[in-house]
There are 2 protein chains.
Amino acid sequence: MKVSILGRKNLEQVLELPSVIEGVKSAYRLKAAGKTVVWPLVSYDFEEVGGVMDIRSGCIFGENLHGLKMLNNFPANTEKGLPPFNGMLMIFDSTTGIPLGVMDAAYITCMRTGAAGAIGAQALARSDSEVLLILGAGKQSIYQIAAALTLLPGIKKVYIADALNQEHARTFAAACAERLQKDFSLECSQGAFLAAEDLAAAVGESDIIITITPSRSPVILKEWVKPGTHFSCIGADMEGKEEIDPTLFQGAKIYADDVKQCVQVGEMELPIKQGVIREADIAGEIGQVLSGEIPGRCSEEEITIFDATGLALLDLVTGKRAIDLAQAKELGILADI
Amino acid sequence: MKVSILGRKNLEQVLELPSVIEGVKSAYRLKAAGKTVVWPLVSYDFEEVGGVMDIRSGCIFGENLHGLKMLNNFPANTEKGLPPFNGMLMIFDSTTGIPLGVMDAAYITCMRTGAAGAIGAQALARSDSEVLLILGAGKQSIYQIAAALTLLPGIKKVYIADALNQEHARTFAAACAERLQKDFSLECSQGAFLAAEDLAAAVGESDIIITITPSRSPVILKEWVKPGTHFSCIGADMEGKEEIDPTLFQGAKIYADDVKQCVQVGEMELPIKQGVIREADIAGEIGQVLSGEIPGRCSEEEITIFDATGLALLDLVTGKRAIDLAQAKELGILADI
């Protein structure tokens, strides 16, 4: 049995954001159509070394795929000169159980997570949105920006906020246009990217806010937010994480990537546990909006929130696409397993 | 990052049963010493195609390893000319989260499961045991026999039982000595291997019984079993599976590979759910016996039962050994991930 083995470099050679976005949209739609299964999330805290791991798995009957990824995030690696974020994704044919491929999971996670944040914004933000704020200036932020600019050409200004390190936000913003050109072939004016020097003011000016930090307490307060703002909450994907004021959920139109998982580990976990909202207040899943089954935003005034905890389904469609493209280009290794 | 990719042929070239057995024993002992974590089992029934998958994962702090395997069992593959039993194992360094290797999981599962059954028998069976019965003549049975004969040189007769297909048991028994010689370098007299023509009589004659079928109702009745018999119950590893009369648990000395998992999916699942025994009746875990923390068998008369549901810990130690041996012999592929 020949199994496709793809390293990060191979993935960078074959995956392009527009096609990753299409794959993620199709996975969300297949989920809405009942053609997927999300298996229980397994996670673990390596307390002694300050690392975390999670295993996400699932099945897409619509594509005859199942599989899983294990992701490890060990921030202390950086001091040792090692990459902090590592993982592997394995993909099987769900009609035979035969393995199709194994690959680096870190790059695919960044690409498909960027796609998720932007898809939520495209589906739910006001169509006249011009100002985007990215909360978080870590390794995943550039993917969020690239995907948002790919799907939302009306965006004219992008704020970058780092609540812990203002200088970091400035350095990040200054390098944005060049990185987007180099890594994503996106032509943008450098003037569009600004560090959020005054977070409250930047929030108040923003039409779309994408949060992508590991925060465990709210960074964005309700009083800063203007009516009609859309949030794609991406960072909260484990119990105890939250990035925005729980009261922002009150009266908002709330969407999940997977209701069960969001209630368990998403941005809505704590607001529900605290009784700020009930599970019944969730409007539905993003795939239902994409497939026209339920409405998205209904007014220019309402706050919309897309809570995305991350699904193996997204990795599976993206990974399978990478396998097909790599085989066509004769990249990677075909190994006997 | 160089990751070791090992196919089944590589594993066959480097893994030998005696060293696999030592590895499995060490994993059980590390578990008893509190140096391991077993993460929750994820499993799924592909009802339409009659397949099952499970994900087992965990961490061995004693060896700085963590990881998981996904195993798929799709019996209908056989009709399509495809192998029914496929899977992959991935191993990471638990101090950094960096991947070490990916490999076929089917062969390792067979080897370490054989080791588990035999380790239970060595630790708990009467020391004068001479007759072994293997319930099940499927792909894993030869590994159970090979490991048992490796650890228990006093065995003089081996019955093979197949409750569904007597002819299959005969064919299997007739080929045993040659397969053991060829695949495990074990020299045995062909006369030692017999199909169990009368299951009740063979059970009554046996000192050690290893069950390795996917049965969902008891095949071995209590009235057939003589005092002092040891059971290694290996087949029951998912909810609803059982191979032996639940009342055999009454008054028996019961051991688990992992108490939580055995209560959930092991041979003891149904006897506990039916109220035949309580969880408090479990004497302990096999690793506690191996490390001398709790006693094993205390009389020649008692029935001992080792319930083994399978732990990723066993795969991890075995897989890491394979990586080291393969690197020393320059086998397999070192891939950039």
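In this text the structure is predicted, and so the values were computed from the model without any measurement.

Q: I would appreciate a short explanation of the overall build of chain A in the present structure.
A: Counting secondary structure elements, chain A contains 10 helices and 18 strands. With respect to the principal axes defined by its C-alpha atoms, chain A has extents near 60 × 45 × 40 Å. For chain A, the proportion of its 337 residues judged to be buried stands at 61%. Excluding contacts between residues fewer than 6 apart, the proportion of contacts in chain A whose partners are at least 24 apart in sequence is 71%. About 12,500 Å² of surface is accessible on chain A, with carbon and sulfur atoms providing 50% of the total. Charged side chains of chain A number 30 positive and 44 negative; the gap between the two group centres comes to 3 Å.

Q: Explain the pattern of salt bridges here, please?
A: Two side chains bearing opposite charge may form a pair once their charged atoms approach each other closely. What the rule picks out here adds up to 43 salt bridges over all chains. Here glutamate 167 of chain A ties to arginine 170 of chain A by a salt bridge, and the two come within 2.8 Å at their closest N and O atoms. Here glutamate 167 of chain A and its partner arginine 170 of chain A are both found in helix H5 (residues 166–184), three residues apart, which amounts to about one turn of the helix. Under the relative-accessibility criterion, arginine 170 of chain A is labelled partly exposed at 36%. Through salt bridges with shared partners, one network takes in Arg126, Asp128, Asp207, Lys226 and Glu300 of chain B.

Q: Honestly, the sheet that holds strand E17 (residues 304–307) of chain A in this entry has me stumped. Any pointers?
A: Two pairing modes exist for strands in a sheet, parallel and antiparallel, and in both the strands are linked by backbone hydrogen bonds. Residues and elements named next belong to chain A. Judged by pairing direction, the sheet is parallel, and its eight strands sit side by side in the order E10-E9-E8-E11-E13-E17-E15-E16 without closing on themselves. The open sheet has two free edges, formed respectively by strand E10 (193–195) and strand E16 (282–285), since each of these has just one partner strand. Strand-to-strand twist across the sheet, computed as the mean angle between neighbouring axes with direction ignored, equals 20 degrees. The sheet strands contacting H5 are strand E9 (157–161) and E10, and the helix crosses E10 at an angle near 170 degrees.

Q: Quick question: what am I supposed to make of the packing of aromatic side chains here?
A: Centre-to-centre distance and the angle between the planes together describe a pair of aromatic rings. This structure, assessed with the given rule, holds 18 aromatic pairs over all chains. Ring centres of phenylalanine 46 of chain A and tryptophan 39 of chain B lie 6.1 Å apart, and the angle between their planes is 90 degrees; on these two criteria the pair is classed as edge-to-face. Of this pair, phenylalanine 46 of chain A sits in strand E3 (residues 42–46) while tryptophan 39 of chain B sits in the loop between strand E2 (36–38) and strand E3 (42–46), placing the two residues on different chains. Both residues of the pair, phenylalanine 46 of chain A and tryptophan 39 of chain B, count as buried. Ring centres of tyrosine 143 of chain A and phenylalanine 184 of chain A lie 5.6 Å apart, and the angle between their planes is 90 degrees; on these two criteria the pair is classed as edge-to-face. Note that tyrosine 143 of chain A is positioned in helix H4 (residues 141–151) and phenylalanine 184 of chain A in helix H5, a separation of 41 residues in sequence. By relative accessible area, which is 15% here, phenylalanine 184 of chain A ends up buried. Taking NZ or CZ as reference, lysine 139 of chain A lies 4.3 Å from the ring centre of phenylalanine 85 of chain A, over its face.

Q: When you look at the interface of chain B and chain A in this model, what are you seeing that I'm missing?
A: Counting residues at the interface gives 48 residues for chain B, matched by 48 residues for chain A. Carbon and sulfur atoms make up 79% of the area that chain B and chain A hide from each other, which totals about 3,600 Å². Summed over the shared surface of chain B and chain A, the number is seven residue pairs in polar contact (both at pLDDT 80 or more). Breaking the side of chain B that touches chain A down by element, the ones donating at least two residues are strand E1 (2–6), E3, strand E4 (51–60), strand E5 (65–73), strand E6 (85–93), strand E7 (99–104) and strand E18 (333–336) of chain B. Per-element accounting of the side of chain B that touches chain A gives the leading share, six residues, to E6 of chain B. Counted by class, the side of chain B that touches chain A contains 31 nonpolar, 13 polar and four charged residues.

Q: What is the right way to read unusual backbone geometry from this model?
A: Residues apart from glycine generally show negative phi values, whereas peptide bonds are mostly found in trans. Residues and elements named next belong to chain A. Backbone geometry at asparagine 64 places phi at a positive 55 degrees, although glycine is not the residue there. On the secondary structure map, asparagine 64 appears in the loop between strand E4 (51–60) and strand E5 (65–73). A relative accessible area of 37% places asparagine 64 in the partly exposed class.

Q: I tried to follow the pairing of strand E17 (residues 304–307) of chain B on my own but got confused; where do I start?
A: Residue and element names in this part refer to chain B. Residue alternation in E17 divides its side chains into two sets, Thr304 and Phe306 and Ile305 and Asp307, and both sets are buried. As defined by bridge partners, strand E15 (residues 253–256) adjoins E17 across four bridges and the pair is classed as parallel. Of the residues in E17, the one forming a bridge with lysine 253 is threonine 304.

Q: Explain the sheet that holds strand E11 (residues 208–211) of chain B to me, please; I cannot follow it from the model alone.
A: All names here are of chain B. Strand order in this open sheet of eight strands is E10-E9-E8-E11-E13-E17-E15-E16, and the pairing throughout is parallel. A single partner strand is all that each edge strand has here, and the edge strands are strand E10 (193–195) and strand E16 (282–285). Taken pair by pair, the neighbouring strands of this sheet meet at an average axis angle of 20 degrees, ignoring direction. As paired strands, strand E8 (residues 131–135) and strand E9 (residues 157–161) are joined by five bridges and run parallel to one another.

Q: Please clarify how the relation of the copies chain B and chain A should be interpreted in this entry.
A: The two chain copies are related to each other by a rotation about an axis together with a translation along it. Mapping chain B onto chain A calls for a rotation angle of 180 degrees and an axial translation of 0.0 Å; the resulting RMSD is 0.0 Å. These values place the two chain copies in the arrangement generated by a two-fold rotation axis. Comparing interface residues between copies, 100% of those in chain B also lie at the interface in chain A; the contact surface is shared.

Q: What am I meant to see in the pairing of E1 of chain B here?
A: The two faces of the sheet receive side chains in turn, since in a regular strand these alternate between them. All names here are of chain B. Taken across its five residues, E1 has four buried, putting it largely inside the fold. Bridge count for E1 against E18 is four bridges, and the pairing is antiparallel. Its bridge partner being in E18, lysine 2 is matched across the sheet by aspartate 336. Examined bridge by bridge, E1 and E7 share three bridges and lie parallel to one another. The partner of serine 4 across the bridge, within E7, is glycine 101.

Q: Would you mind going over the side chain of glutamine 261 of chain A with me for this structure?
A: Following the sequence through the fold, glutamine 261 of chain A ends up in helix H7 (residues 259–265). Sequence-distant contacts of glutamine 261 of chain A, that is, excluding residues within four places in its chain, are made with Val38, Leu41, Arg56, Gly266, Thr309, Gly310 and Leu311 of chain A.

Q: Just checking my understanding: could you explain the state of the cysteines for this structure?
A: What is meant by a disulfide is a covalent connection between two cysteines, made through their sulfur atoms. Evaluated as defined, the whole model comprises zero disulfides over all chains. Residue cysteine 188 of chain A stays outside any disulfide, its sulfur separated by 8.6 Å from that of cysteine 176 of chain A, the closest cysteine.

What counts, and at which threshold
Residues numbered from 1 in each chain as written. Chains lettered and ligands numbered in written order. Predicted model: local features only at pLDDT ≥ 70, side-chain atom pairs only at ≥ 80, totals over all residues. Heavy atoms only, no water. Helix = DSSP H or I, 4+ residues; strand = E, 2+ residues; numbered from the N terminus. Buried < 20%, exposed > 50% of the residue type's maximum accessible area, 1.4 Å probe, protein only. Contact = heavy atoms within 4.5 Å. Areas by Shrake-Rupley, 256 points an atom, 1.4 Å probe, with all protein chains shown as cover. Lys, Arg positive; Asp, Glu negative; His and termini not counted. Charge placed at Lys NZ, Arg CZ, Asp CG, Glu CD. Salt bridge = Lys/Arg side-chain N within 4 Å of Asp/Glu carboxyl O. Pairing = 2+ DSSP bridges. Axes fitted to C-alpha atoms, helices over the stretch in contact; angles between N-to-C directions. Phe/Tyr/Trp six-rings, centres within 6.5 Å; stacked < 30°, edge-to-face > 60°. Lys NZ or Arg CZ within 6 Å of the ring centre and 35° of its normal. Buried area = accessible area lost by both parts, 1.4 Å probe. Polar contact = N/O pair within 3.5 Å; in protein donor to acceptor, adjacent residues only side chain to side chain. Nonpolar A, V, L, I, M, F, W, Y, C, P; charged D, E, K, R; others polar. Least-squares fit on C-alpha atoms with pLDDT ≥ 70 in both. Disulfide = S-S within 2.5 Å.

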